[in-house]
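# A look at the structure
The primary structure of each chain is shown beneath.
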Amino acid sequence: MNKYILFIFSLAFSLWSVGLSAQIPNILNPRRATAATELARRGITEKELQDKLAEKGIYLDDLESMTAEQALQFQAVIEQAISELEAEKANNSTDFSAADTSVRPAATRPLKKKVADPVSEVEDEVVDEPTDDDPNTAGGKKRRDTIPYLPPIKTSRTTNTQSVRAQPLDISGLIYGQELFKNKSLQAYNKSENIKPPDTYVLGVGDIVNIHIFGRSKVDFKNIEINPEGFIQMSSFPRIYIKGLTFSQARQVVKQNLVSYFSFLPNEFEMTIDYSREIGINIYGEAEQIGTFNLPATNTAINALVAAGGPNKIGSVRNIKLIRGKTSRTIDVYAFIDNPAIAQDFYLEQNDIIHIPLAERVVSITGSVRRPMRYELTKGENLIKLIEYAAGLREDAYQKSIQIKRYIEDREKIIDVPLKDLIDKKDDFALLSGDIVTIRNIPLPLEQVVSIDGRVETPGTYEFVEGMKVLDLIEKGNIRRGAKTDLAFLMRLNDDGSYAVLRVNVNNVQADPAHADNILLKRQDRLLIYSLSSYIDANFVSLSGAVRQGVRTPYDPQKTLRVSDLIIMGGGLVDDALDFGYIKRVNLENYVERDYILFYTKQAMSNPGGPQDLILEPNDELIIYNDRTFFDQAFVTIEGAVRRGGTFAYGPGFTLKDLVIQAGGFKMEAATNRIEVFRVILDENRPTRTVVANLTLNRDVTINNSEGQYILKPYDQVYVRTVPEFEMQQNVSIAGAVRFPGTYALIKENETLVDLLRRAGGPTDESFLEGATLLRSEDNIGYIVFEMPQALKKPTGTDNLVLKKGDLLSIPKVMDFVRVEGAIDAKELYDDKLIGPNSRINVAFVPDKNAKYYVDEFAAGVANEGDRGRITILRPNGRILKTKNYLLFKVYPKVEKGAIVRVGVKDVKTRRKRVDVETGSDGIVRNVPKKKIDWARAVADLMAQATAVISLVLLTKTTLSIK
C-alpha cells in the first residue's frame, strides 16, 4: 500500500493522539488497513487516485514534508478527486472512443527540486522478509517505501539530441560494456520536439500528436494534446481515447475512428508525434550519477543510462534492474551490444526505477585474443563464453595450454588449462570472480627462417627448408651488379646466443654448386653480400665563380679530368670572367692545410692539354674570379615622405630628381623645401666624416630645376621631411535626437561635446540628454561616462569632454519609464508575457522616488533570496548608484527616467540560514524562510477538518451499504 495515499485516509483517525509539538509526518500510524478497505469499497485503486491528484497538480509524496496547516489545504481537492473517479466509473462513457484497457501510467511529474538526502540509498529488493513487530508489515510482506527523489538532472527542450563522435577513451579498469556510456557513442534524447518514436512507444498525458489526411479529404489536425482524461479531440469531433496505447495501436484506433468522417485510403493517413512528454526516471546504485532524470518519454532505459553516465567501474552491466511498481526486468548490456534493437523492449514510464547493482563475477582475459578486457559473467557462463565475449582467439594464439591466475585461500594460484582439448570435447572450465586468463602467442614464430641482406635484388627473410644451402639462398636474393662476390659472410646463431662468422666465396658457389663454400644452412642463418663501392673512397671535384653554373662531380680515378673539362661542364666562362683562377687542393702531407695553385683560364681553354690545363686531383675546388669580386656595390637610400622609400643601386650621374622618381614621388604631407642629404666623406687613409645638404625640389618632379640636378654619390642618405602639424580632416559623429545628426569634421583644436551639439543644431524636443553616451574608438577605449546636462550647464567643467578622431556622441529620445529586475517577486503581480529575462519589468516613471519605492510598489518587494542592501541603479549614461548602509539605516538612490533598478542576491551563507524551499506556479524553486507554527491554532483547525473527513467517510459507508 502506498504510504502517501494511506496517509490521507489515516489522517482522520490519528489526530486524537497528536501532541502539540508534533508535525504531520509523525501522525502516520497502523490504521492504514481501514483506509485501504474504504478505497476498495468505493471501487477506486490507489494508482487511480494518485494519477487523478497528479492531474490536479498534487503529488502525494510532497505531503510527508508538509506541516499540518499545509497538508489540510488539499483536503477539498482530494475529496473532489474521489468524487470524479466515482462518477467516471458510474457513467463509463462510451462516446466514440477506443477501449482503454491499459493500466493508467503515472502522471508526468513537473520539474522541481525535492529536499532530500543526496546520499539516500536504494533498497535492492522489492520484498523483504516479514517481521512480527514491524507496523508496516501486512500479509506477511514488508511494504516497500517509495524511494525519495534526489535533485533532478535538468534537461533542456531546446537543445539538440546529444550525439557526439566517439573520442579515444582510457578503458583500463573498465568492465566491457561500460565504455559504451563513457565515450558518447550512444545518445540520450534531451529534446522533446520533433522526435520520431518507435511503434512500441506508449502514449501518455502531455504527448502532442499531429494528424494528416491527404486523400480525397485533405485535413490537418495539428498540436493535439492528450488531455489528463486520456483522450484527444479535434474541434467538434467525438473523443478518441489513446492514452496507454502504443504508438502503433493509437495510429490504428485514430484511423478507424476518422474513416467514418473523411474519405481516404489506408496509405493516405499519417499520424506523428510533435512533442513527447517528459517523465522522471530514478537511477540508483552503482551509476556515475544517481538521482531523478527528467527525459522525453521516447527514451528507453538504455538512453536513460547514458544520461546517468552508465555504471561506474564497479557497477554491473549484466544485471541492471528496471523496476516498475512491484515488477522488475533485467537489462543485459551484452545482449544490447549483440542486438541493439532490444532497447525498444525497455520503454520507460513515470517514476520508473533503474537500479545498478555491484558487478558480481568479473574476470579478465589478456594475451592473444581480439578484445582483451575485463568481463562480467552471469550464471552458467565460463571460459568458453569469456573467449566469445573477447571476440575470439587471434590467429597466433597458442591453444594447447592457457593459464589462469586465481586468488584463493590467501594465496595466488596458477592453473594450466588445456584449451584445445576443451574445445574438441565441447567442454568448459568454471571461472571465479577475479580470475585472470592469459592466452599466450605461438612460441618462437620466426625460428624456421633464413635471411639474405646487402647488394641483392630481393633482400629479406625466407622460409627455412631442411637441406638448404648457400646457393639456394643466393638464388632467392638475386645478386646485383656491383656486389663484392669474392667474399661474403654467413652469420650463424649459436645455441648460447653468440654468433659464428663463416666466410663464403660467392664466385666459387655460383661456379660449382659442389664447392665447399656452398655451406649447408641452419635455421636463422643470415648471409651478408657487400657492395664494391664500400671499399673505395668517394672523391669529388667542384667548380664555382665566374661560370654559368656551379659543378660538383665524382672524381675519375684514371686521372684524366682537367681544368678545361670542368669549365665546359659548368657552361663556360661568363663575359666578365678574369683570365686567371685558383685550384684549392688538399695538402696530402697535412690534411688541415690547403694548397692554392694559380692557373690562367684563357690559356687553359685555348690550349687543351697544355701547361695551364692542369690535371685535377681528388677533392680539388676550382674558383674563377670576375671584376665584381673586387668591388663593393654602391647604393643610396631615401626615406621619409615619399611613396616607396628604400635602398637603390647607385649609378654614375644619379641625381636627386632621379632618386625621388625611383621612390615614387612625394607624399601629400612632404615638405619639399626641407630635403636633407647626408653624405659620408671617404678620404684615403683618413677618418670618415658626415656632411649634410639642405635642398628644395619642386613637388612635381617632372619639372626641371637646378637643385633637382644635384648629383648624388655612393652611400648618400636622403630624408624628405613632413610639413609641420600636417593632418587630414578628423571626423566625429553625432547620432540620435539632434536636429542634424551625422558626421562632422573637427574645425578647431580642443573642440568639445557642447561645440559638437551646437554644430548639430542642438537637441530636439524628444531628446533625453541624461542618457547621452560617448563611444571612443581611439586606442579601443570604449564608452566614457559623463553628464551631458552638466556639460551644457558648465562648459568649462570636466563633463564637457574634448573630442577625438572617431568619437560617436549618441543622444537617445526621452525614456519615460524605469526597469526593475533581479531578485524581486514580480511574478506574483504580473502575467508571464510582461516579465522579461532576469524577472525584468518595465514601469512608468514616477518623479522624486527612490529605488526602494519602485521595488516595493511595482515589483512586489524583494524576493527571499534578495538583499535590500544590494539594490542598485544603473543610470542611462552607464553610471551605477548603490544603496548606502548606515548601521540600522539604508539610504536608497534616487531614480531617474530610463534607469534600471536592480536587486542583488544574498551571499550563499546568508541564504542558507533558516530557509526552506517551495516551487512557484512558474516551476522555479525558491527559498522561503521557515515560519513558526502556532500549534494551538493548528490543532484546533485539524480537529475541525478531521470531523469533516470522518463525517464524509461515515456518510459514504452508509450510502454504499444502502445501495
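Residues numbered from 1 in each chain as written. Predicted model: local features only at pLDDT ≥ 70, side-chain atom pairs only at ≥ 80, totals over all residues. Heavy atoms only, no water.

## Observations concerning the overall build of the chain
As a reminder of what qualifies: Helix numbers and strand numbers start at the N terminus; a helix is a DSSP run of H or I with at least 4 residues, a strand a run of E with at least 2. Note on classification: 1.4 Å probe, protein chains only; a residue is buried when its accessible area is under 20% of the maximum for its type, exposed when over 50%, partly exposed between these limits. Whether two residues are in contact is decided by their heavy atoms, any of which lying within 4.5 Å being enough. Calculation of accessible area relied on Shrake-Rupley with a 1.4 Å probe; when residues are assessed, cover is drawn exclusively from the protein chains displayed.
Along the chain, the regular secondary structure elements total 20 helices and 46 strands. Every one of the 963 residues in the chain was classed for burial, and the buried ones make up 40%. A separation threshold of at least 6 residues defines the contact pool for the chain, and within that pool the share at least 24 residues apart is 62%. In the structure as shown, the chain presents an accessible area of about 54,200 Å², 50% of it carried by carbon and sulfur atoms.

## What about the nonpolar core?
Threshold: For this analysis, a nonpolar core means a set of buried residues of the types Ala, Val, Leu, Ile, Met, Phe, Trp, Tyr and Cys, connected via side-chain atoms within 4.5 Å.
Core analysis: the biggest nonpolar cluster contains 78 residues, and Ile-211, Ile-232, Ile-242, Met-271 and Ile-354 have the highest contact counts within it. With near-sequence residues (within four places) excluded, Ile-211 lies in contact with Val-219, Asp-220, Phe-221, Ile-224, Ile-232, Met-234, Val-254, Leu-258, Phe-269, Glu-270 and Met-271. Counting residues in hydrophobic clusters, the runner-up holds 22 residues, among them Val-843, Ala-859, Tyr-892 and Val-901.

## Notes on the sheet that holds strand E40 (residues 866–874)
Operational definition: Only strands joined by at least two bridges in the DSSP assignment are considered to pair. The angle between two axes is taken between their N-to-C directions and runs from 0 to 180 degrees, where each axis is a line fitted to C-alpha atoms and a helix contributes only its stretch in contact.
One open sheet accounts for five strands, arranged E39-E38-E44-E40-E41; its pairing is mixed. A single partner strand is all that each edge strand has here, and the edge strands are strand E39 (841–844) and strand E41 (880–882). If you compare each strand with its neighbour and ignore which way they point, the axes differ by 25 degrees on average. Relative to strand E44 (residues 900–905), E40 is paired through five bridges, and the arrangement is antiparallel. Bridged to Leu-874 within E44 is Ile-900.

## Some words on the pairing of strand E16 (residues 411–417)
Strand direction decides the pairing type here: strand E15 (residues 402–408) and E16, joined by seven bridges, are antiparallel. Bridge pairing links Tyr-407 to Glu-412 in E16. Once E15 ends, the chain turns through two residues before running back antiparallel as E16, passing Glu-409 with a positive phi of about 55 degrees.

## Here we look at helix H18 (residues 851–858)
Quick reminder of the rule: The arc in question is the one spanned by the directions pointing from the helix axis to the C-beta atoms. Polar contacts, as used here, are pairs of N or O atoms within 3.5 Å; protein pairs need one atom able to donate a hydrogen and one able to accept it. Residues neighboring in sequence count only if both atoms are side-chain atoms.
Three or more residues of H18 are buried, namely Ala-851, Tyr-854, Val-855 and Phe-858. Viewed end-on, H18 has its buried residues packed into an arc of 105 degrees, placing them on one side of the element. Where H18 starts, the residue carrying a side-chain oxygen 3.3 Å from the main-chain nitrogen of Lys-852 turns out to be Asn-850. Following H18 by one or two positions, Ala-860 has its phi on the positive side, about 60 degrees.

## Quick notes on unusual backbone geometry
A positive phi is found at Asp-410, a non-glycine position, where the angle reads about 60 degrees. Looking at where Asp-410 falls in the secondary structure, it is placed in the loop between E15 and E16. Judged by its relative accessible area of 87%, Asp-410 is exposed. Phi is positive for Lys-559, which is not a glycine, with a value near 60 degrees.

## A look at the environment of Ile-841
Mapping Ile-841 onto the fold places it in strand E39. Classification of Ile-841 as buried rests on a relative accessible area of 3%. Along the chain, Ile-841 and Phe-858 lie 17 residues apart, while their C-alpha atoms are 8.6 Å from each other.

## A closer look at a nonpolar patch on the surface
Heads up, the condition is: Only residues whose relative accessible area exceeds 30% and that form no salt bridge are eligible for patches; like-charged ones are grouped when within 9 Å, while nonpolar side chains (Val, Leu, Ile, Met, Phe, Trp, Tyr) are grouped when within 5 Å. When a carboxyl oxygen of Asp or Glu is within 4 Å of a side-chain nitrogen of Lys or Arg, the pair counts as a salt bridge.
Together, Tyr-886, Leu-887, Leu-888, Phe-889 and Val-891 make up a nonpolar patch on the protein surface, roughly 680 Å² of accessible area in all. Along the chain, Tyr-886 turns up in strand E42 (residues 884–886). For Tyr-886, a relative accessible area of 47% gives the class partly exposed.

## Some details on the sheet that holds strand E18 (residues 449–454)
Here five strands make up an open sheet; going across it, the order is E19-E18-E22-E20-E21 and the pairing mixed. Strands with a single pairing partner mark the edges of an open sheet, and in this sheet they are strand E19 (460–463) and strand E21 (499–504). Neighbour to neighbour, the strand axes of the sheet diverge by 20 degrees on average, direction disregarded. Pairing analysis gives four bridges linking E18 to strand E22 (residues 526–529), with the strands arranged parallel. Looking at the pairing, Ile-452 lines up with Leu-527 of E22. Across the face of the sheet, helix H11 (residues 470–477) comes into contact with E18, E19, strand E20 (488–493), E21 and E22 while running at roughly 60 degrees to E18.

## Quick look at the pairing of strand E27 (residues 621–626)
Burial along E27 is one-sided: the residues Leu-622, Ile-624 and Asn-626 are buried and none of Glu-621, Ile-623 and Tyr-625 is. Direction of pairing for strand E23 (residues 540–545) relative to E27: parallel, over a ladder of four bridges. Following the sheet pairing, Leu-543 is matched in E27 by Leu-622. Here strand E25 (residues 577–586) runs beside E27; their pairing, made up of five bridges, is antiparallel. Along E27, the bridge assignment pairs Ile-583 with Leu-622.

## Observations regarding the side chain of Asn-800
As for its placement among the helices and strands, Asn-800 is situated in the loop between helix H17 (788–793) and strand E37 (808–811). Among the polar contacts listed, one links the side chain of Asn-800 to the backbone nitrogen of Val-754, at a separation of 3.1 Å. The residues contacting Asn-800, other than those within four sequence positions of it, are Thr-752, Leu-753, Val-754, Ala-791 and Pro-795.

## A short note on the side chain of Arg-679
Structurally, Arg-679 is set in strand E30 (residues 670–681). Not counting residues up to four positions away in its chain, the partners in contact with Arg-679 are Arg-689, Thr-690, Val-691, Tyr-710, Ile-711, Leu-712, Lys-713 and Asp-716.

## Side note on the pattern of salt bridges
Summed over the entire model, instances satisfying the criterion amount to 30 salt bridges. Asp-807 serves as the salt-bridge partner of Arg-776, at 2.7 Å between the closest nitrogen and oxygen. Here the residue Arg-776 occupies a position in strand E35 (residues 773–776), and Asp-807 occupies one in the loop between H17 and E37, the gap between them amounting to 31 residues. By relative accessible area, Asp-807 is classed as buried at 1%. Arg-870 is the partner of Asp-867 in a salt bridge, and the nearest nitrogen-oxygen pair spans 3.8 Å. Several salt bridges converge on common partners, so that one network encompasses Arg-318, Asp-332 and Glu-381.

## Here we look at the packing of aromatic side chains
Applied cut-off: Only Phe, Tyr and Trp rings are paired, with Trp represented by its six-membered ring, and only when their centres lie within 6.5 Å; those with planes under 30 degrees apart are stacked, over 60 edge-to-face, the remainder tilted. Should the NZ of a Lys or the CZ of an Arg lie within 6 Å of a ring centre and within 35 degrees of the ring normal, that charge is described as sitting over the ring.
By the definition in use, this model includes 20 aromatic pairs. Ring centres 5.0 Å apart and planes at 50 degrees place the aromatic pair Tyr-176 and Tyr-375 in the tilted group. Placement of Tyr-176 in the loop between strand E2 (141–142) and strand E3 (208–214) and of Tyr-375 in strand E14 (residues 374–376) is noted, with a sequence separation of 199 residues between them. Residues Tyr-176 and Tyr-375 agree in their burial class; the two are buried. Among the aromatic residues, those joined into a ring-pair cluster are Tyr-176, Tyr-334, Tyr-375 and Tyr-389. The ring of Tyr-535 has Lys-484 sitting right over it, with the charged end atom 4.7 Å from the ring centre. Seen from the ring of Tyr-853, Lys-849 lies directly overhead, with NZ or CZ sitting 4.8 Å from the centre.

## A closer look at the environment of Val-660
When you line up the elements, Val-660 lands in helix H15 (residues 656–662). Looking at Val-660, the relative accessible area reads 0%, which means it is buried. Distance from Val-660 to Val-720, taken between C-alpha atoms, is 9.5 Å for residues 60 residues apart in sequence. What Val-660 contacts, discounting residues up to four positions off in sequence, is Ile-638, Gly-665, Phe-666, Leu-697 and Val-701.

## Concerning the confidence of the model for the chain
Our working rule: pLDDT is a per-residue confidence score from the predictor, ranging from 0 to 100.
Across the chain, the average pLDDT comes to 79, with 76% of residues at 70 or higher. Throughout residues 93–167 the model reports pLDDT below 50, and contacts reaching past four residues in sequence, or to other chains, amount to 141 contacts.

## Considering helix H6 (residues 247–258)
Rules: The span one expects for a helix is its residue count, reduced by one, times 1.5 Å.
With 12 residues, H6 should cover 16 Å at 1.5 Å per step; its first-to-last C-alpha distance of 16 Å lies within 8% of that length. When we look at burial in H6, the residues that qualify are Phe-247, Ala-250, Val-253, Val-254, Lys-255, Asn-257 and Leu-258. In this structure, the buried residues of H6 make contact with E3, strand E5 (231–232), strand E6 (240–241) and strand E7 (269–275).

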